[in-house]
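Examination of the molecular architecture
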Amino acid sequence: MAVRNEIMGFSQLERSSLVPAPRSVLLRGKQSRLCFASPALVSMEQRRRRSSRSTKVAAAISEDVVNLAVGKPEPVKFTVRAAVTVRRKSKEDVKEAIANHLDALVDKIGRNVVLELISTDINPRTKKPKKSGEAVIKDWFEKKNVKGERVVYTAEFVVDSAFGEPGAITITNRHQREFFLETIVVEGFPCGPVHFPCNSWVQSTKDLPTRRVFFSNKPYLPSETPAGLKNLREEELKELRGDGNGVRKLSDRIYDYATYNDLGNPDKGIEFARPILGGEKMPYPRRCRTGRPPTDTSESSFLSIAIIENLPNVLSLTALDIFVFTLLSVLIPVLCLPNFSLSICLLLDMLVESRIEKPHPIYVPRDEAFEESKQGAFSAGRLRAVLHSLIPSLIASISIDNHDFQGFHHIDNLYKEGLILKLGLQEHLFRKLPFVQKIQESSEGLLRYDTPSILSKDKFAWLRDDEFARQVVAGINPVNIERLQVFPPVGKLDPAVYGPPESAITEAHIAGQLNGLTVQQALEEGKLFMVDYHDIYLPFIERINELDGRKAYATRTLFFLTPMGTLKPVAIELGFPPSQPGEARPSMVLTPPCDATTNWQWMLAKAHVCSNDAGVHQLVNHWLRTHAVMEPFILAAHRHLSAMHPVFKLLHPHMRYTLEINALARQSLINAEGVIESCFTPGPYCMEMSAAYYRDLWRFDLEGLPADLIRRGMAVEDPTQPHGLRLLIEDYPYANDGLLLWSAIQRWVRSYVERYYPDPARVRSDSELQAWYHEGIHVGHAEKRHAPWWLPLDSPADLIGVLTTLIWLASAQHAALNFGQYPLGGYVPSRPPLMRRLVPDPERDPAEYAAFLADPHRFFLSAMPTVLQATKFMAVVDTLSTHSPDEAYLGERQQPGTWTADEAAVAGFREFAAEMGRVEEEISRRNADPRRCNRCGAGVLPYELLAPSSGPGVTCRGVPNSVSI
């Protein structure tokens with residue numbers, strides 16, 4: 001009976017219309033394997049042996065039978081076409097032109113660019129992704145002479161109807177040189193055109209033997225990744241992470257972490273040694289690893305210590321012997337050196353990375369480097385800076401005089417007549433260095449500075465107290481003003497070291513400045529505000545004042561809010577550290593002047609406040625709180641978020657160029673003897689001050705605008721207000737406009753996040769997202785990793801908060817702190833980056849005080865930076881304030897319609913872009929409102945730093961997507 005049933009079952013299957021006839025093309029090559037013989041002809045013994053075999057064979061046979069039973073028609077092969085857009089350099093030198101022609105020639109003989117499509121589906125037989133046949137770019141040689149920034153090439157793939165939807169494309173570049181691949185669009189599939197946004201350099205196989213992978217613009221969370229793309233997704237991220245070893249080549253695409261161990265250059269001399277930032281001793285965010293070897297000095301120091309550590313095994317020395325030997329080996333080389341503390345720093349930090357000096361490029365992952373137009377703008381700015389500093393440098397080198405400005409008109413001449421300054425030095429300079437006259441004659445446009453905006457409406461506004469106060473809410477650094485909560489102000493430094501914490505400002509100093517209010521009434525009504533740099537500067541003041549040509553105080557400034565909504569300064573405290581730990585601190589308190597002498601003293605006190613402000617602005621608010629803290633999250637994003645991840649697609653425009661500009665800053669701005677040290681009061685202690693703020697005060701959860709305003713007491717929560725906050729100073733241009741942008745960013749991020757994360761489980765289960773955030777904190781901000789204030793990442797609301805903060809810091813916050821540097825700070829007397837003299841005191845130095853009384857104008861200018869310091873500073877902030885021609889602003893992005901295949905996300909971004917237009921219109925209305933005295937009035941500059949759009953150049957407006965300069 002069993003045999004009968006078996007025969008009948010097979011006969012029924014054989015007669016079924018679902019099984020092809022023996023001659024069907026679907027059975028070609030399969031008949032012998034399937035063995036469609038009658039089971040009746042098989043002996044019972046054979047059946048027993050067959051039934052005892054692995055079920056795997058039966059499964060394979062049944063699978064084929066089922067596949068055959070489906071009755072699908074034979075897959076039909078067809079051709080799809082790819083349009084490959086390559087961006088060429090607009091300016092090529094002879095070497096590059098020859099190399100391009102050689103690539104075109106070798107392409108013609110077969111060493112070409114090879115592409116292959118990868119399906120989102122798995123081949124059921126091979127268990128691997130379905131692939132097209134390889135295709136080559138066909139017309140590279142033919143288009144070698146095509147003019148234009150972009151060239152579109154073609155390639156054709158042969159696929160079959162069972163291929164499915166393409167999800168990735170691989171590229172092998174067998175040319176000799178890299179090329180910049182912008183996009184690939186594949187047409188011919190039933191699903192319609194498939195877009196592959198690339199925007200990446202494709203290296204030659206001689207530099208990168210592996211193929212490059214680009215994914216389509218369709219976003220996928222990790223758990224939703226199609227089977228055909230899972231392995232490629234993981235492999236691509238693994239390649240981007242690297243293995244943490246080796247020296248990085250400029251062609252690499254590896255993202256990894258390192259400490260700031262490359263700011264010093266002890267090989268040039270001990271005075272160029274700087275402590276390592278990052279580690280328990282001096283916490284700091286991490287930067288991109290380059291893998292460069294250590295300096296020769298640090299290698300030899302490391303070797304010396306290693307030899308000493310091994311001496312007990314060789315000489316059987318006692319522990320005391322080793323201690324003495326080690327101490328001597330450390331002290332002997334440094335006892336004769338002028339800067340003992342730096343020497344000790346060098347010997348303690350023995351992993352100092354060797355430096356690469358400009359113009360040689362410093363490593364960043366290849367796709368993070370400036371594109372051509374950005375590089376051109378930056379190089380032009382660098383050339384301008386070099387020329388601006390050249391002549392003052394030459395003057396300083398041929399004359400023993402430090403060359404102070406001789407009068408305010410000499411400063412004005414920087415903008416009118418260029419850098420040969422009517423200082424009586426022209427003939428002297430031309431006689432000794434004749435080529436300088438030729439530079440002057442041929443480069444006059446480059447050697448002349450543009451007039452800063454701060455002088456354009458009212459040349460003397462900077463002298464007034466109301467303008468000094470207006471700058472703290474509408475100037476370059478509007479993020480340090482805070483509401484005064486207690487009087488007198490109280491510091492937070494250790495009183496055992498720095499003396500009593502209370503300020504020296506008393507009620508008697510300010511009682512007559514409060515419009516009839518008592519101090520207590522002014523406090524209760526929210527009328528008193530403070531800009532407090534006391535605790536930031538005081539630990540460094542003694543060391544700063546020991547430097548040649550640097551003088552500083554730790555300052556506090558109190559302001560009163562007038563009935564007009566403007567501020568006025570009522571007291572300035574200038575403090576020194578105690579002569580002995582725990583003793584009272586020497587302090588000087590100045591109030592608005594009442595005669596000529598106090599007027600000049602008040603001007604000098606305001607200049608010292610501005611010098612403090614310039615240092616904190618540059619080292620803390622600008623560099624640390626935007627540039628440096630963003631870098632770890634950018635590194636972690638590339639290491640853990642696939643290009644397919646929706647969060648990566650959201651963040652991508654806000655990460656552009658940041659690693660490159662930070663690398664350039666380490667190379668020539670924040671390094672030992674770099675521009676920042678040369679031009680700002682703290683000098684060689686600049687980055688230590690930045691690190692001290694990070695260690696003691698930086699908190700990610702308070703970096704968003706609303707949280708920061710509440711922390712500083714500048715706003716209180718109020719659900720009846722448009723942004724949920726009520727500002728204590730209603731006319732606070734930075735906060736007013738910033739809240740417009742913050743709210744718009746938050747709405748855009750919320751609409752985007754909620755599309756992909758409808759519930760907390762989605763957030764918690766996203767392995768890439770959690771790895772990104774965890775590594776950004778635990779590696780990128782390693783010394784802060786255990787802080788309790790980190791925002792969790794357990795819900796969509798958490799993710800919205802984190803992403804909104806990061807986008808705010810990269811875009812609006814950086815723009816507010818950066819692009820006004822030259823327009824609002826390029827006139828050095830109004831905002832000196834360093835001071836060289838203290839306020840004259842008849843008790844401390846009677847001779848100096850007599851010189852001040854005799855010629856206060858000259859004394860004031862002698863306290864300002866020298867000509868060389870001023871021009872170097874002006875040249876650099878001019879470059880830093882410049883927008884490049886390829887800048888992408890908030891509401892703009894590359895390939896705006898195809899950055900994602902999610903149409904709802906594209907529509908949401910269009911709405912965000914429209915919102916940026918409305919914000920700009922509102923800012924224009926505010927700048928024309930006469931009730932807003934801090935941005936509208938006679939000689940008052942409009943506040944446009946948070947207006948989203950801008951043209952190229954120095955415009956004092958515009959909010960780029962990213963920290964790109």
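Here the structure is a predicted model, which means the values were calculated and not measured. (Residues numbered from 1 in each chain as written. Predicted model: local features only at pLDDT ≥ 70, side-chain atom pairs only at ≥ 80, totals over all residues. Heavy atoms only, no water.)

**Let's talk about the overall build of the protein**
Scanning the protein for helices and strands turns up 34 helices and 20 strands. Out of the 965 residues in the protein, the part that is buried amounts to 55%. Restricting the contact set of the protein to residue pairs at least 6 apart, pairs at least 24 apart contribute 75%. Total accessible area on the protein stands at roughly 41,600 Å², and carbon and sulfur atoms take up 56% of it. (Helix = DSSP H or I, 4+ residues; strand = E, 2+ residues; numbered from the N terminus. Buried < 20%, exposed > 50% of the residue type's maximum accessible area, 1.4 Å probe, protein only. Contact = heavy atoms within 4.5 Å. Areas by Shrake-Rupley, 256 points an atom, 1.4 Å probe, with all protein chains shown as cover.)

**A short note on the sheet that holds strand β1 (residues 77-87)**
Reading across from one edge, β5-β1-β7-β8 is the order of the four strands in this open sheet, with antiparallel pairing throughout. The open sheet has two edge strands with one neighbour each: β5 (150-160) and β8 (194-202). For this sheet the average axis-to-axis angle between neighbouring strands, irrespective of direction, equals 20°. In this structure, β1 lies alongside β5, joined through 11 bridges in antiparallel fashion. The partner of V86 across the bridge, within β5, is V151. (Pairing = 2+ DSSP bridges. Axes fitted to C-alpha atoms, helices over the stretch in contact; angles between N-to-C directions.)

**Description of helix α22 (residues 658-668)**
Within α22, 11 of the 11 residues are buried, which leaves the element mostly enclosed by the surrounding structure. Buried within α22 are the following residues: T658, L659, E660, I661, N662, A663, L664, A665, R666, Q667 and S668.

**Some points on the environment of A815**
Along the polypeptide, A815 turns up in helix α29 (residues 796-818). Look past the residues within four positions of A815 in its chain and what remains in contact with it is L945, G958, V959 and P960.

**Focus: unusual backbone geometry**
A cis geometry characterises the amide bond from K358 onward to P359, with omega recorded as 10°. Here P359 is to be found in the loop between α9 (340-348) and α10 (372-398). At the junction of F487 and P488, the peptide bond is cis and its omega measures out at -5° in the coordinates. Relative to the elements of secondary structure, P488 occurs in the loop between β12 (482-483) and α16 (495-498).

**Thoughts on a nonpolar patch on the surface**
Side chains of I98, L102 and L105 sit close together on the surface and give an oily, nonpolar patch of about 290 Å² of accessible area. Among the secondary structure elements, I98 is positioned in helix α5 (residues 94-108). (Patch = residues over 30% accessible without salt bridge, like charges linked within 9 Å, V, L, I, M, F, W, Y side chains within 5 Å. Salt bridge = Lys/Arg side-chain N within 4 Å of Asp/Glu carboxyl O.)

**Concerning the packing of helix α20 (residues 596-640) against helix α31 (residues 846-854)**
Put simply, α20 and α31 touch, their axes get as near as 11 Å, and they point 110° apart. It follows that α20 is roughly perpendicular to α31 by the angle criterion. On the side of α20, the interface is formed by T597, W600, Q601 and L604, while α31 contributes Y849, F852 and L853. Class assignment for the residues of the contact of α20 with α31 results in five nonpolar, two polar and no charged. (Parallel < 35°, antiparallel > 145°, perpendicular 65-115°, else oblique. Nonpolar A, V, L, I, M, F, W, Y, C, P; charged D, E, K, R; others polar.)

**Digging into the packing of aromatic side chains**
In the structure shown here, the tally under the stated rule is 39 aromatic pairs. Measuring from centroid to centroid gives 6.1 Å for Y752 and W899, while their planes differ by 25°, and the two rings are stacked. On the criterion of sequence distance, the pair formed by Y752 in helix α26 (residues 733-756) and W899 in the loop between β19 (882-883) and α34 (903-927) is long-range, its members being 147 residues apart. Sitting over the ring of W201, R366 keeps its end group 4.2 Å from the ring centre. Over the ring of Y694 we find K784; its NZ or CZ atom is 5.2 Å from the centre of that ring. (Phe/Tyr/Trp six-rings, centres within 6.5 Å; stacked < 30°, edge-to-face > 60°. Lys NZ or Arg CZ within 6 Å of the ring centre and 35° of its normal.)

**Observations concerning the pairing of β1**
Relative to strand β7 (residues 179-187), β1 runs antiparallel, the two sharing seven bridges. In the sheet register, V86 faces β7, and the bridge partner there is L181.

**Side note on the nonpolar core**
Counting residues in hydrophobic clusters, the biggest one holds 187 residues, and the most contacted among them are Y284, I481, L567, L709, Y732, Y734 and W772. Every residue in contact with W772, bar those within four places of it in the chain, is listed here: F633, A636, A637, H640, L641, L651, V802, L803 and L806. Counting 29 residues, the second-largest nonpolar core is a separate cluster that includes V86, L117, V159 and F189. (Core = buried A, V, L, I, M, F, W, Y, C linked by side-chain atoms within 4.5 Å.)

**Observations concerning the confidence of the model for the protein**
Confidence along the protein averages 84 in pLDDT terms, with 80% of residues attaining 70 or more. Of the regions scoring below 50 in pLDDT, residues 1-70 engages in 36 contacts with residues more than four places distant in sequence or in other chains. Under a pLDDT of 50 for its full length, residues 420-446 has, in the predicted model, 45 contacts with residues more than four places off or in other chains. (pLDDT = per-residue confidence, 0-100.)

**What about α26?**
Because an α-helix packs 3.6 residues into every turn, residues spaced three or four apart end up facing the same way. Along its 24 residues, α26 runs 35 Å from first to last C-alpha, staying within 8% of the 34 Å computed at 1.5 Å per residue. Within α26, 18 of the 24 residues are buried, leaving the element largely enclosed by the surrounding structure. (Expected span 1.5 Å × (residues − 1).)

**Brief notes about the pattern of salt bridges**
Taken as a whole and judged by the stated rule, the model has 60 salt bridges. We note a salt bridge from D532 to R556, for which the minimum N-O separation is 3.4 Å. Separated by 24 residues along the polypeptide, D532 in strand β13 (residues 528-532) and R556 in strand β14 (residues 554-561) bring together distant segments of the chain. Each member of the pair, D532 as well as R556, carries the same accessibility label: buried. The salt bridge involving R625 is made with D708; its shortest N-O contact spans 3.8 Å. Of this pair, R625 sits in helix α20 while D708 sits in helix α25 (residues 705-711), and the two are 83 residues apart along the sequence.

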